[in-house]
Structures are given as C-alpha cells and as structure tokens.
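What follows is the residue order along each chain.
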Amino acid sequence: MRPTPLGTAALGTTGLTAPAQGLGCMRLSARTPDAAAVINRALDLGVTFLDTADLYGAGANEELVGAALRHRRDEAVVCTKFGVVRTADGMTTRGDAGYVRAACDASLRRLGVEVIDLYYLHDRDPRVPVEETAGAMAELVAAGKVRHLGLSNATADDLRRASSVHPIAALQSEWSLVARQVEEVVPVCAELGIGVVPYCPQGAGQLNFLDPTARRAHAPGAAPAARELLDAVADVARDHGARPGQVALAWVRQQAVKWGVAVVPIPGTTKVAHLAENVAALEVELTAAELSRLDSASA
C-alpha cells in the first residue's frame, strides 16, 4: 500500500522532503508485540519519516525498524543517530572520524539498508572539534552511505560550525509546551535554512493524560504555573473536540509559521490507535488567541 499524502516539509537545503509528521521509534522494542504493526500502519497513513538511533536498545531498535521495512524500504525516510555510547560507568560521547565511519557501517547492517536518508550526530563529543565530526559525516555522503546530515541536541555554535563543513538538513531537539529551551537555537536554524525535528512534542506524555471534557485539569501536587498550562491545554482541547496530546502537537507544528522554519514533530507511540490519533492532530488548527494563551501559560 502506498502512503497517504500528509503534506510535506522541506528540511534543509539539500533536497530532503519529509511528511508533516514523523514517528519516533525509540519506545518500540522487541518486547513491544505491535511494533511492526505500528510502523507498517504509519507508512499506510503517510507517516514515512521514521526516527531511530544506535543507542536505542543497544542497536535492537534499528534492527526492529529495518525488519519492518524489509519489503517497504522505498516508502520510508530512514533517520538514525550515532555518537552516544554506553559504557560500564554509564554513557559517553564519541565524534572522532574513525568512530563515525564504524558507527555508520554498523547502523547500515542493523537497518538492512544501503543508505541512511538522514544521519544525525546524537550528541556532541566535547573532546572532538565538531568540524572533524561533520567532515567525517560529509565523507559518508560522498561515499553514498548517507543522503543528508543532521545534529541532535546541538547549540547554535555547533550548527554554525558544522554547517561550514557541510549543509545540515535538520536539528533534532526536544520541543514542546513543557520544554522550550530549543527556542534559543531556532533563530539560527531559520538563518541557515535548517529544519527542526522536535522529539517529545507532547511533553514526554505529560499532556496526554488530561481529560479534555473537564473544566479544570487535575494534577495533584502540580505547581500553580503547571496547573495554568494544563488548564489551558484542556480548555483548548475541549473547544476543538480534540485530545490534549493533539493540541500539543498542533502547537509545535504551528511554530513553523512563528519562527520561519520547517517543523516536523516525531511523536512516539507503541499503539496503532495512538498513532492514528497523532495523525489526526494535523487537522487541528489553533487560532491566534489559542496560540497566545498556550504560549503565555507555557512560558
């Protein structure tokens, strides 16, 4: 089955086109019985922008995504990340050129693909100049192993320096009504023509549990500022006949107009029903007054 058009966004200046919404696959795992069903249903709905990383499940998540795409590779935009490494003491980062090449080859094997559509540096290695890492990533593009490059959790300085080596198509960072720190970096994305891919766009689930039919949001122990945001989301959701998580997605998506950047959120889910609900959020259009209220409450 060919994917249903969702509308598209151009990420960066190197020709990468993504649907208006993607799927974060981190929460899927070998222990999730519906994982393949979620990915296949995503493709059916036009959610073809699939995000994983070599860190997730120590590579198992990439294998899961690859298995689900075995007969549908040409329908998907495959995105993965490297650079965060588990150690006996926890985690560290690596961005040296040799590791970049080895990590890419390992991801290609696990995904079972010949080329990665969007390859991100997951987190910066402070011991390695970002120009060195970006240079090694650029070599992967030249070798035909990667099509487009991205940075995750990057600073404005990281973006500028990496972009001086090779065009960066996307910044992946947390962005939601409860996490807006990335807005310090978004103006640089607009300046350099870099798209933004928000992860946890529904506030890591914090905005999903609200009852949109309730007059007030019930959050025992929440601070007054948090209750104000929860109330605002619940009220807007009720007025649209939508779920709070859908309002959260609509708010993130509509930041594209405010900031002048392409925005492709990648909500994650382990349920086909939740996936359909997230896609339906594309039909929610918030008014200027609603956006203003949500902005004020979340600030």
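Residues numbered from 1 in each chain as written. Predicted model: local features only at pLDDT ≥ 70, side-chain atom pairs only at ≥ 80, totals over all residues. Heavy atoms only, no water.

In the annotation of an unreviewed UniProt entry, the entry for the chain reads Aldo/keto reductase, and the organism field reads Saccharothrix espanaensis.

## A closer look at the pattern of salt bridges
This is how it is decided: One side-chain nitrogen of Lys or Arg within 4 Å of one carboxyl oxygen of Asp or Glu is enough to make a salt bridge. Exposed residues in this analysis have more than 50% of their type's maximum accessible area, buried residues have under 20%, and partly exposed residues fall in between, with area computed by a 1.4 Å probe over protein chains only.
For the structure shown, the criterion picks out 22 salt bridges. Glutamate 75 is the salt-bridge partner of arginine 72, the closest N and O atoms lying 2.9 Å from each other. Given the relative accessible area of 10%, arginine 72 is considered buried. In this structure glutamate 75 comes out as buried when scored by relative accessible area, which is 12%. Look at the salt bridges and you will find they share partners, linking Arg41, Asp44, Arg72 and Glu75 into a network.

## Digging into the confidence of the model for the chain
Counted only if it meets this: How sure the predictor is of each residue is captured by pLDDT, a score from 0 to 100. Contacts are residue-level and defined by heavy atoms, with any inter-residue pair within 4.5 Å sufficient.
Mean pLDDT over the chain: 91, with 90% of residues reaching 70 or higher. Contacts from residues 209-219, a stretch scored under 50 in pLDDT, to residues over four places away or in other chains number 24 contacts.

## Considering the side chain of aspartate 125
To keep things clear, this is the line we draw: Helix and strand labels come from DSSP, where a helix needs a run of H or I of at least four residues and a strand needs a run of E of at least two; each type is numbered from the N terminus. N or O atoms closer than or at 3.5 Å make up a polar contact, with two conditions inside protein: a donor-capable atom paired with an acceptor-capable one, and, for residues adjacent in sequence, both atoms drawn from side chains.
Along the chain, the position of aspartate 125 falls in the loop between β8 (116-121) and α4 (130-142). Of the polar contacts made by the side chain of aspartate 125, one reaches the side chain of arginine 127; its length is 2.9 Å.

## Some remarks on the packing of aromatic side chains
Using the following cut-off: The rule is short: rings of Phe, Tyr and Trp, with Trp giving its six-membered ring, pair when the centres are within 6.5 Å, and they are stacked under 30 degrees, edge-to-face over 60, tilted in between.
Taken as a whole and judged by the stated rule, the model has one aromatic pair. Judged by centre distance (4.8 Å) and plane angle (25°), the ring pair of phenylalanine 82 and tyrosine 119 falls under stacked. A residue pair is termed long-range when its members are at least 10 positions apart, and phenylalanine 82 in strand β5 (residues 77-82) and tyrosine 119 in strand β8 qualify at 37 residues. Assigned by exposure class, phenylalanine 82 and tyrosine 119 land together as buried.

## Overview of helix α10 (residues 272-280)
Operational definition: For this quantity, the arc is that covered by the directions from the helix axis to the C-beta atoms.
Among the residues of α10, Leu275, Asn278 and Val279 are the ones counted as buried. Take α10 and look down its axis: the buried residues cluster within an arc of 100°, on one side only. The inward-facing, buried residues of α10 abut β3 (23-24), α1 (35-44) and α8 (244-253).

## A word on the pairing of strand β7 (residues 90-93)
What counts, and what does not: Any two strands are treated as partners once DSSP identifies two or more bridges connecting them.
Bridge count between strand β6 (residues 84-87) and β7: four bridges; the pairing is antiparallel. Bridging from a neighbouring strand, arginine 86 pairs with methionine 91 of β7. What sits between the antiparallel neighbours β6 and β7 is a turn of two residues.

## Here's the deal with unusual backbone geometry
In this structure, alanine 58 takes a positive phi of about 50° despite not being glycine. Positionally, alanine 58 belongs in the loop between β4 (49-51) and α2 (60-68). Alanine 58 gets classed as exposed once you look at its relative accessible area, which sits at 64%. Even without glycine at this site, asparagine 153 takes up a positive phi of about 55°. Within the secondary structure layout, asparagine 153 lies in the loop between β9 (146-152) and α5 (156-163). What makes asparagine 153 partly exposed here is its relative accessible area of 29%.

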